[in-house]
Amino acid sequence: MRIEAYLAFRGSCQEAFNFYKDIFGGEIKNTETYEDKEIDIPGNYRSKWQHAELRGKNFTILGYDAAPDTPLTDGTNIHLGVDMDSAESAESAFNQLSKGGRVHTSFQKTSWGAHYGRCTDKYGISWMINFKE
């Protein structure tokens, strides 16, 4: 079994995926736009991504730009958890993800022996970055 996150954006999917690629690596694949789709989408939205995949060695993030009339609510009911290979890589990912966003828990060594931080990035996606020694 494999569980994959599917993220919805308000027109910034391509920008967000390039941001995540810079942090986590991987390759953006299988992008589709709204061009030539028989969907009621404004002309200025046709170049937005209807589907995209960021695939790396141990992860896949899927995403799309929701239609402009689709209600999206930035929520607190889901966080993407990432277990990194080192404290340094975890802190670096946390710092990059939180830049321009909001820090909920500063990156720190925890009482349970992990290095951990929680933030919401500038695209409204919530993250928990972790490294266990």
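Everything quoted here is computed from the prediction, not taken from an experiment.

Colleague: Break down the sheet that holds strand β6 (residues 102-109) for me, citing the residues and quoting the values.
Modeller: Taken in spatial order, the four strands make up an open sheet running β5-β8-β7-β6, and their pairing is mixed. Looking at the sheet topology across the chains shown, the edges are occupied by β5 (80-83) and β6. Strand-to-strand, the axes of this sheet are offset by a mean angle of 10 degrees, without reference to chain direction. Against the sheet, helix α2 (residues 87-98) makes contact with β6, β7 (114-120) and β8 (126-132), and its axis sits at roughly 165 degrees relative to β6, the strand it touches most.

Colleague: Tell me about the nonpolar core, residues and numbers included.
Modeller: In terms of nonpolar packing, the biggest core is built from 29 residues, with Phe 9, Phe 17, Tyr 20, Phe 24, Leu 97, Trp 127 and Ile 129 touching the most fellow members. At the level of secondary structure, the elements contributing two or more residues to this core comprise β1 (5-9), α1 (13-24), β3 (49-56), β5, α2 and β8. No other element matches α1, which puts seven residues into this core. Setting aside residues no more than four positions away along its own chain, Phe 17 makes contact with Phe 9, Ile 28, Trp 49, Ala 52, Glu 53, Leu 54, Ile 61, Leu 62 and Gly 63.

Colleague: Which residues make up the pattern of salt bridges, and what are the values?
Modeller: In this structure the tally under the stated criterion is five salt bridges. Residue Glu 32 pairs with Lys 37 through a salt bridge whose shortest N-O separation is 3.1 Å. According to the relative accessible area criterion, Lys 37 is partly exposed, its value standing at 28%. The residue Glu 133 makes a salt bridge to Lys 109 at a minimum N-O spacing of 2.9 Å. Of this pair, Glu 133 sits in the segment after β8 while Lys 109 sits in strand β6, and the two are 24 residues apart along the sequence. Accessibility assignment for this pair places Glu 133 and Lys 109 in one class, exposed.

Colleague: Which residues make up the state of the cysteines, and what are the values?
Modeller: Inspection of the entire model under this criterion finds zero disulfides. There is no disulfide at Cys 13, and the cysteine sulfur nearest it, in Cys 119, is 18 Å away. Relative accessible area serves as the criterion here: at 0%, Cys 119 is assigned to the buried category.

Colleague: Summarise the confidence of the model for the protein; cite the residues concerned and give the values.
Modeller: Detailed reading of predicted coordinates is not advised where the pLDDT is low. Averaged over all residues, the pLDDT of the protein is 93; the fraction at 70 or higher stands at 99%. When pLDDT is averaged over each helix and strand of the protein, the minimum, 94, is found for β5 and the maximum, 98, for α1.

Colleague: Describe unusual backbone geometry, listing the residues and the values that go with them.
Modeller: Even without glycine at this site, Asn 30 takes up a positive phi of about 50 degrees. On the secondary structure map, Asn 30 appears in strand β2 (residues 27-33). Notably, Asp 36 is not glycine yet its phi reads approximately 60 degrees, a positive angle. Checked against the element boundaries, Asp 36 lands in the loop between β2 and β3. On the basis of relative accessibility, which here comes to 78%, the residue Asp 36 falls in the exposed class.

Reading the values: the criteria
Residues numbered from 1 in each chain as written. Predicted model: local features only at pLDDT ≥ 70, side-chain atom pairs only at ≥ 80, totals over all residues. Heavy atoms only, no water. Pairing = 2+ DSSP bridges. Helix = DSSP H or I, 4+ residues; strand = E, 2+ residues; numbered from the N terminus. Axes fitted to C-alpha atoms, helices over the stretch in contact; angles between N-to-C directions. Contact = heavy atoms within 4.5 Å. Core = buried A, V, L, I, M, F, W, Y, C linked by side-chain atoms within 4.5 Å. Buried < 20%, exposed > 50% of the residue type's maximum accessible area, 1.4 Å probe, protein only. Salt bridge = Lys/Arg side-chain N within 4 Å of Asp/Glu carboxyl O. Disulfide = S-S within 2.5 Å. pLDDT = per-residue confidence, 0-100.

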